[in-house]
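# Observations on the three-dimensional arrangement
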Amino acid sequence: MSFYTFLMKYRAYKEVDDITKLANLVYEDSTFPKQSSDFDEISTYLETHANFAFNLSLFDEIWEQYLAN
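A brief report on the enclosed structure follows. Not measured: the values here are computed from a predicted model.

## Concerning a negative patch on the surface
- A surface patch of like charges, here negative, comprises Asp-17, Asp-18, Asp-60, Glu-61 and Glu-64.
- Among the secondary structure elements, Asp-60 is positioned in helix α4 (residues 56–68).
- With relative accessibility at 36%, the residue Asp-60 sits in the partly exposed group.

Structural data, given as structure tokens:
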């Protein structure tokens, strides 16, 4: 399962936590690497190409949840 697919399970109209916020931001970003499950590719994208700002230490925590699923 790609990281994008994992995140979409948390997408919601009302942002209740950090994972929901990231899911909503990624959903709106048409250039996000939707098929990727590679940490380095996604992390680099968020650092350098994303059209939004997100705390990358929170991304690391969300990535750990992704790996646990």
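## As for the packing of aromatic side chains
- Enumeration according to the criterion identifies twelve aromatic pairs in this entry.
- Look at Phe-3 and Phe-59: their rings are 5.6 Å apart centre to centre, the planes differ by 85°, and that puts the pair in the edge-to-face class. Here the residue Phe-3 occupies a position in helix α1 (residues 3–8), and Phe-59 occupies one in helix α4, the gap between them amounting to 56 residues.
- Among the residues examined, Phe-59 registers a relative accessible area of 0% and is labelled buried.

## Description of α4
- An ideal rise of 1.5 Å per residue puts 18 Å on 13 residues; α4 measures up with 19 Å between its terminal C-alpha atoms.
- Within α4 the residues assigned to the buried category are Leu-58, Phe-59, Ile-62, Trp-63 and Tyr-66. Buried residues of α4, seen end-on, are gathered within an arc of 145° and therefore sit on one face of the element. Exposed and facing more than 90 degrees away from the buried side of α4 are Glu-61, Glu-64, Leu-67 and Ala-68.
- Contact partners of the buried residues in α4: α1, α2 (18–28) and α3 (39–48).

## Observations concerning α3
- Ile-42, Ser-43, Tyr-45 and Leu-46 are the residues of α3 that are buried. Projected down its long axis, α3 shows its buried positions confined to an angular sector of 160°, all on one face. In this structure, α3 carries Asp-40, Glu-47 and Thr-48 as exposed residues pointing more than 90 degrees from its buried face.

So, how was this worked out
Residues numbered from 1 in each chain as written. Predicted model: local features only at pLDDT ≥ 70, side-chain atom pairs only at ≥ 80, totals over all residues. Heavy atoms only, no water. Patch = residues over 30% accessible without salt bridge, like charges linked within 9 Å, V, L, I, M, F, W, Y side chains within 5 Å. Areas by Shrake-Rupley, 256 points an atom, 1.4 Å probe, with all protein chains shown as cover. Salt bridge = Lys/Arg side-chain N within 4 Å of Asp/Glu carboxyl O. Lys, Arg positive; Asp, Glu negative; His and termini not counted. Charge placed at Lys NZ, Arg CZ, Asp CG, Glu CD. Helix = DSSP H or I, 4+ residues; strand = E, 2+ residues; numbered from the N terminus. Buried < 20%, exposed > 50% of the residue type's maximum accessible area, 1.4 Å probe, protein only. Phe/Tyr/Trp six-rings, centres within 6.5 Å; stacked < 30°, edge-to-face > 60°. Expected span 1.5 Å × (residues − 1). Arc of directions from axis to C-beta. Contact = heavy atoms within 4.5 Å.

Structural measurements only, silent on function.
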